[in-house]
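Okay, here's what each chain looks like letter by letter:
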Amino acid sequence: QKEVEQNSGPLSVPEGAIASLNCTYSDRGSQSFFWYRQYSGKSPELIMFIYSNGDKEDGRFTAQLNKASQYVSLLIRDSQPSDSATYLCAVKRFSGGYNKLIFGAGTRLAVHP
Amino acid sequence: DVKVTQSSRYLVKRTGEKVFLECVQDMDHENMFWYRQDPGLGLRLIYFSYDVKMKEKGDIPEGYSVSREKKERFSLILESASTNQTSMYLCASSLQGQIRAEAFFGQGTRLTVV
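Now for a quick tour of the structure. Everything numeric in this text was worked out from a predicted model, so none of it was measured.

**Quick notes on the overall build of chain A**
A count of helical and extended segments in chain A gives 0 helices and 11 strands. Shown N-terminal to C-terminal, the secondary structure of chain A runs as helices and strands in the order β-β-β-β-β-β-β-β-β-β-β. Scaling as 2.2 N^0.38, a compact globule of 113 residues should have a C-alpha radius of gyration of about 13 Å, and chain A matches this with 14 Å. Looking at chain A as a whole, 45% of its 113 residues qualify as buried. Contacts in chain A between residues at least 24 apart in sequence constitute 54% of all its contacts with a sequence separation of at least 6. Put simply, chain A shows about 5,100 Å² of open surface, and 46% of that area lies on carbon and sulfur atoms. A distance of 7 Å separates the average location of the 12 positive side-chain charges in chain A from that of its 10 negative side-chain charges.

As structure tokens, this is what we get:
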């Protein structure tokens with residue numbers, strides 16, 4: 001079992017719809033959770049960070065965390081073609097005295113007009 | 001403006017060559033990381049460093065080594081390049097000891113070993 005699991009997609013949604021991206025993790029000691037967006041040929045950029053249970057909203061993005069279920073999700077409202085990218089879930093845990101950031105394989109999102 | 005800079009955007013090397021990938025950050029971050037990214041496998045951690053001259057193996061260290069002589073610079077070394085090391089290599093840095101501790105990435109180096 002991978003430490004951070006994501007559905008590889010592609011997830012195809014029409015413009016204006018809500019895109020829902022999911023991520024599960026295996027280590028209950030994980031402390032904080034990140035969503036990165038990566039356009040083709042580019043490096044990842046951080047779009048959301050969450051560390052406590054519940055929802056966190058930033059513009060059209062909402063991150064949801066449920067530590068009991070070891071589940072974190074990203075909702076993108078009013079999806080735009082410019083949101084088409086790969087979304088990487090990352091989990092930070094403290095291991096052996098250091099912070100380690102573990103990434104999932106990413107979900108490819110395609111928003112069609 | 002935070003910056004992580006990798007020395008090359010594209011690199012083509014021959015099998016058996018020793019390859020150096022350089023990464024420099026200007027944010028005074030303690031942590032630096034090297035990942036490789038392959039289709040369907042996501043970002044896999046090769047090595048990371050939490051301080052000058054300190055290093056820790058990640059998930060796939062075989063065939064690689066690293067060097068961190070200065071805080072701002074972290075080098076990845078392929079001792080004898082092989083075709084299965086053809087990949088996108090991403091360097092990142094972050095602060096130590098903070099719950100947020102997001103990673104900032106360089107632009108990536110696409111390495112092709114022929």
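So, next bit.
**A closer look at the nonpolar core**
Counting 24 residues, the largest nonpolar core has A:F33, A:W35, A:V72, A:L74, A:I76, A:Y87 and A:L109 as the members making the most contacts within it. Within the residue set of this core, elements represented by two or more residues are β3 (19-25), β4 (32-38), β5 (45-50), β7 (61-66), β8 (71-76), β9 (85-95) and β11 (107-112) of chain A. Other than its neighbours up to four places away in sequence, A:L109 contacts A:L11, A:V13, A:A19, A:I76, A:D83, A:S84, A:A85 and A:Y87. Of all hydrophobic cores here, the second largest spans 21 residues; its members include B:V4, B:C23, B:W34 and B:Y89.

**Points about the interface of chain A and chain B**
Contacts between the two partners involve 22 residues from chain A, matched on the other side by 27 residues from chain B. A buried area of about 1,900 Å², summed over both sides, lies between chain A and chain B, and 58% of it is on carbon and sulfur atoms. A per-residue breakdown of the area chain A buries against chain B is headed by A:Y98, A:N99 and A:F103, which together make up 27% of the total. Remark: the boundary between chain A and chain B carries 0 salt bridges. Counting every contact that joins chain A to chain B gives 5 residue pairs in polar contact (both at pLDDT 80 or more). Contributing elements (two or more residues each) for the side of chain A that touches chain B: β4, β5, β9 and β10 (98-103) of chain A. Here the element with the most residues in the side of chain A that touches chain B is β10(A); it accounts for 5 residues. Residue classes in the side of chain A that touches chain B are distributed as 12 nonpolar, 7 polar and 3 charged.

**Considering the environment of A:F94**
All names here are of chain A. Among the structural elements, F94 can be located in strand β9. Note on F94: relative accessible area 48%, which makes it partly exposed. The sequence separation of F94 and Q31 amounts to 63 residues, and the corresponding C-alpha distance is 7.5 Å.

**A closer look at the state of the cysteines**
Where two cysteines share a covalent bond between their sulfur atoms, that bond is called a disulfide. The final tally for this structure, using the stated rule, is 2 disulfides over all chains. Bridging A:C23 to A:C89, the disulfide has an S-S length of 2.1 Å. Taking the sign of the S-S torsion, about -70° here, the bridge from A:C23 to A:C89 comes out left-handed. Highlighted residues: A:C23 in strand β3 and A:C89 in strand β9, separated in sequence by 66 residues. Looking at A:C23, the relative accessible area reads 1%, which means it is buried. Judged by its relative accessible area of 0%, A:C89 is buried. The disulfide bridge from B:C23 ends at B:C91, spanning 1.9 Å between sulfur atoms.

**What to know about the sheet that holds strand β3 (residues 19-25) of chain B**
Residue and element names in this part refer to chain B. Strands sit in the order β1-β3-β8-β7 across an open sheet of 4 strands; the sheet is antiparallel. Single-partner strands in this sheet number two, and they are β1 (4-6) and β7 (64-70). Geometrically, the sheet is characterised by an average inter-axis angle of 20° between neighbouring strands, direction not taken into account. Where β1 and β3 come together, 3 bridges link them in antiparallel fashion. Residue T5 lies in a different strand from β3, and its bridge partner there is V24.

**Examining unusual backbone geometry**
Residues A:G9 and A:P10 are joined by a peptide bond in cis, for which omega reads 10°. As for its position among the elements, A:P10 is in the loop between β1 (4-6) and β2 (11-14). Positive phi values are uncommon outside glycine, yet B:K53 reaches one of about 65°. By the secondary structure assignment, B:K53 is in the loop between β5 (42-51) and β6 (54-57). What makes B:K53 exposed here is its relative accessible area of 57%.

So, how was this worked out
- Residues numbered from 1 in each chain as written.
- Chains lettered and ligands numbered in written order.
- Predicted model: local features only at pLDDT ≥ 70, side-chain atom pairs only at ≥ 80, totals over all residues.
- Heavy atoms only, no water.
- Helix = DSSP H or I, 4+ residues; strand = E, 2+ residues; numbered from the N terminus.
- Rg over C-alpha atoms; globule rule 2.2 N^0.38 Å.
- Buried < 20%, exposed > 50% of the residue type's maximum accessible area, 1.4 Å probe, protein only.
- Contact = heavy atoms within 4.5 Å.
- Areas by Shrake-Rupley, 256 points an atom, 1.4 Å probe, with all protein chains shown as cover.
- Lys, Arg positive; Asp, Glu negative; His and termini not counted.
- Charge placed at Lys NZ, Arg CZ, Asp CG, Glu CD.
- Core = buried A, V, L, I, M, F, W, Y, C linked by side-chain atoms within 4.5 Å.
- Buried area = accessible area lost by both parts, 1.4 Å probe.
- Salt bridge = Lys/Arg side-chain N within 4 Å of Asp/Glu carboxyl O.
- Polar contact = N/O pair within 3.5 Å; in protein donor to acceptor, adjacent residues only side chain to side chain.
- Nonpolar A, V, L, I, M, F, W, Y, C, P; charged D, E, K, R; others polar.
- Disulfide = S-S within 2.5 Å.
- Pairing = 2+ DSSP bridges.
- Axes fitted to C-alpha atoms, helices over the stretch in contact; angles between N-to-C directions.

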